[in-house]
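Residue strings, one per chain:
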Amino acid sequence: MKTVLCYGDSLTWGFSPDGSGRHAYEDRWPSVLQTGLGDAVLIIPEGLNGRTTIFDDYAAGADRNGARILPTILMTHVPLDLIVLMLGSNDMKPWIAGHAQAAKQGMQRLVDIIRRFDYPLNEEPPEILMVAPPIIRETADPDFAARFGPGIAQSKMLATLYSDLADEIGCGFFDAGSVAEASPLDGVHLDAENTRAIGRGIEPVARMMLGL
């Protein structure tokens, strides 16, 4: 059986932009990916609201620094065949980084961690699929507009930067913005249909990278 780790933020966790909480399990994109790939693959969803690539954010009780917690996650779930990285939206917050280039550097650091990790039992590093999140959009929600509004222009650069980085360092790449768009309710999160669309969009790329 192949094992795939989906490492992300609230878009992976399944945060609903209408304020109702979390999308139903079957609507979250890792669940849709699991259904598409079938029983020969185990999908491990690892989404955390507010997770960044490499930056600290102490606005919540959980550690949101994706680089700091990643080695523990790797050790927990080894052996892994593929890791899907979809992060960067939270890096766009002005008090986090606010720049697409910072998110790009953060993603490169995550790839370095994955490839240089001391895996037990002589396991090889997994393949890596780098996913650019959908573009942040304008919203009438005052709280989310304050958090993410300044990063809208920068978020539009993520797909190109991630694609170039993936080519440079030998990772797979998928632009989630090619199949999904953020809800105008808060400008960053996805409704159920757009969340499902990401799972469907990633499936053929993951299938190819897993050799299925």
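What comes next is a walk through the structure. These figures come from a predicted structure and were not determined experimentally. (Residues numbered from 1 in each chain as written. Predicted model: local features only at pLDDT ≥ 70, side-chain atom pairs only at ≥ 80, totals over all residues. Heavy atoms only, no water.)

Some remarks on the pairing of strand 3 (residues 82-86)
Put simply, the rule reads: Burial status follows relative accessibility: with a 1.4 Å probe on protein chains alone, a residue under 20% of its type maximum counts as buried, one over 50% as exposed, and anything between as partly exposed. The numbering of helices and of strands both runs from the N terminus, where a helix is a DSSP run of H or I of at least 4 residues and a strand a run of E of at least 2. Should DSSP find at least two bridges between two strands, the strands are regarded as paired.
Burial of strand 3 is extensive: 5 of the 5 residues sit out of reach of the surface. Burial along strand 3 is two-sided: Leu82, Val84 and Met86 facing one way and Ile83 and Leu85 facing the other are all buried. In terms of strand pairing, strand 1 (residues 2-8) meets strand 3 through 5 bridges, oriented parallel. Each bridged residue has a counterpart across the sheet, and for valine 4 the counterpart in strand 3 is leucine 82.

Topic: empty space enclosed by the protein
Put simply, the rule reads: Buriedness of a pocket was judged along seven lines, with at least five required to meet protein on both sides within 12 Å; pockets are open sets of points on a 1 Å grid over the protein atoms alone, cavities are sets where a 1.4 Å probe fits but cannot get out, and lining residues have an atom within 4 Å of a point. Grid points are joined across faces, edges and corners, and a volume is the space filled by probe spheres set on the points. Under the scheme applied, nonpolar residues are Ala, Val, Leu, Ile, Met, Phe, Trp, Tyr, Cys and Pro; charged residues are Asp, Glu, Lys and Arg; polar residues are all the others, including Gly.
Applying the stated rule across the entire model yields 1 cavity of 30 Å³ or more. Taken as a whole, the largest cavity spans an internal volume of roughly 30 Å³. Around the largest cavity sit Asp9, Ser10, Leu11, Ser89, Asn90, Phe148, Val188 and His189, which together line it. A breakdown of the residues in the lining of the largest cavity according to their chemical character gives 3 nonpolar, 4 polar and 1 charged.

Observations regarding the packing of helix 2 (residues 29-37) against helix 8 (residues 192-210)
The criterion, for reference: Axis lines are fitted through C-alpha atoms, for helices just across the contact stretch, and the angle between N-to-C directions can take any value from 0 to 180 degrees. Roughly parallel means an angle under 35 degrees; roughly antiparallel, over 145; roughly perpendicular, 65 to 115; everything else is oblique. Left-handed describes a crossing whose near helix is turned anticlockwise from the far helix by less than a right angle; the clockwise case is right-handed. By definition, residues are in contact when any of their heavy atoms lie within 4.5 Å.
Contact geometry for helix 2 and helix 8: axes closest at 8 Å, N-to-C directions at 45°. When the axis of helix 2 is compared with that of helix 8, the two are oblique. Considering only the axes of helix 2 and helix 8, their crossing is right-handed. Taken together, the residues of helix 8 that come into contact with helix 2 (itself represented by Trp29, Val32, Leu33, Gly36 and Leu37) are Thr195, Arg196, Ile198, Gly199, Arg200, Ile202, Glu203, Ala206, Arg207 and Leu210.

Some words on helix 8
The condition that has to hold: A helix is expected to span 1.5 Å multiplied by its residue count minus one.
Helix length check: helix 8, at 19 residues, gives a terminal C-alpha distance of 26 Å against a target of 27 Å (1.5 Å per residue), a fit within 8%. Turning to helix 8, its buried residues are Asn194, Thr195, Ala197, Ile198, Gly199, Gly201, Ile202, Val205, Ala206 and Leu210. Directly beyond the C-terminal end of helix 8, a positive phi value near 70° is found at glycine 211.

Describing the state of the cysteines
Think of a disulfide as a covalent bridge from one cysteine sulfur atom to another cysteine sulfur atom. In plain terms, the rule: Two cysteine sulfurs form a disulfide in these notes if their separation is within 2.5 Å.
For the coordinates displayed, the defined rule picks out 0 disulfides. The thiol of cysteine 6 is not disulfide-bonded; the next cysteine sulfur, from cysteine 171, is found 15 Å away. Cysteine 6 sits in the buried class, given a relative accessible area of 0%. Take cysteine 171: its relative accessible area is 12%, and that puts it in the buried class.

Topic: the layout of surface pockets
Taken as a whole, the largest pocket spans an internal volume of roughly 200 Å³. Together, 14 residues line the largest pocket, and Gly50, Arg64, Lys93, Phe144 and Arg147 are the ones closest to its centre. Top element by residues in the lining of the largest pocket is helix 5 (residues 142-148). It accounts for 3 residues.

Section: the pairing of strand 1
Within strand 1, 6 of the 7 residues are buried, which leaves it mostly tucked inside the rest of the structure. Bridge count for strand 1 against strand 2 (residues 41-47) is 7 bridges, and the pairing is parallel. Pairing of leucine 5 across the sheet is with isoleucine 44, part of strand 2.

Considering the nonpolar core
As a rule of thumb, nonpolar side chains are buried together in soluble globular proteins. Basically, it comes down to this: The set of buried Ala, Val, Leu, Ile, Met, Phe, Trp, Tyr and Cys residues whose side-chain atoms join them within 4.5 Å is what this entry labels a nonpolar core.
By size, the foremost hydrophobic cluster in this structure holds 37 residues, and its most contacted members are Leu74, Ile83, Leu85, Met107, Leu110, Ile114 and Met130. Of all the elements in the fold, those that place two or more residues in this core are strand 1, helix 3 (66-77), strand 3, helix 4 (100-116), strand 4 (127-132), helix 5 and helix 7 (158-169). If sequence neighbours within four positions are ignored, leucine 85 has contacts with Tyr7, Met107, Leu110, Val111, Ile114, Ile128, Leu129, Met130 and Val131.

Topic: the side chain of asparagine 90
The topology assignment puts asparagine 90 in the loop between strand 3 and helix 4. Not counting residues within four places of it along the chain, the set of residues in contact with asparagine 90 comprises Asp9, Gly50, Arg51, Thr52, Ile96 and Phe148.

Remarks on the side chain of aspartate 27
Inspection of the secondary structure puts aspartate 27 in the loop between helix 1 (10-13) and helix 2. Discounting chain neighbours no more than four positions away, the residues touching aspartate 27 are Val32, Ala192, Thr195 and Arg196.

Focus: the pattern of salt bridges
As a reminder, the rule being used: Just to be clear on terms, a salt bridge is a Lys or Arg side-chain nitrogen sitting within 4 Å of an Asp or Glu carboxyl oxygen.
Throughout the structure, instances matching the rule amount to 9 salt bridges. Among the ionic pairs, arginine 137 bridges to glutamate 181, the shortest N-O distance being 4.0 Å. Placement of arginine 137 in the loop between strand 4 and helix 5 and of glutamate 181 in the loop between strand 5 (172-175) and helix 8 is noted, with a sequence separation of 44 residues between them. For arginine 137, a relative accessible area of 32% gives the class partly exposed. Arginine 196 is the salt-bridge partner of glutamate 193, the closest N and O atoms lying 2.6 Å from each other. With glutamate 193 and arginine 196 both in helix 8 and 3 residues apart, this pair spans about one turn of that helix. A cluster of three or more residues bridged by salt bridges with shared partners is formed by Asp27, Glu193, Arg196 and Arg200.

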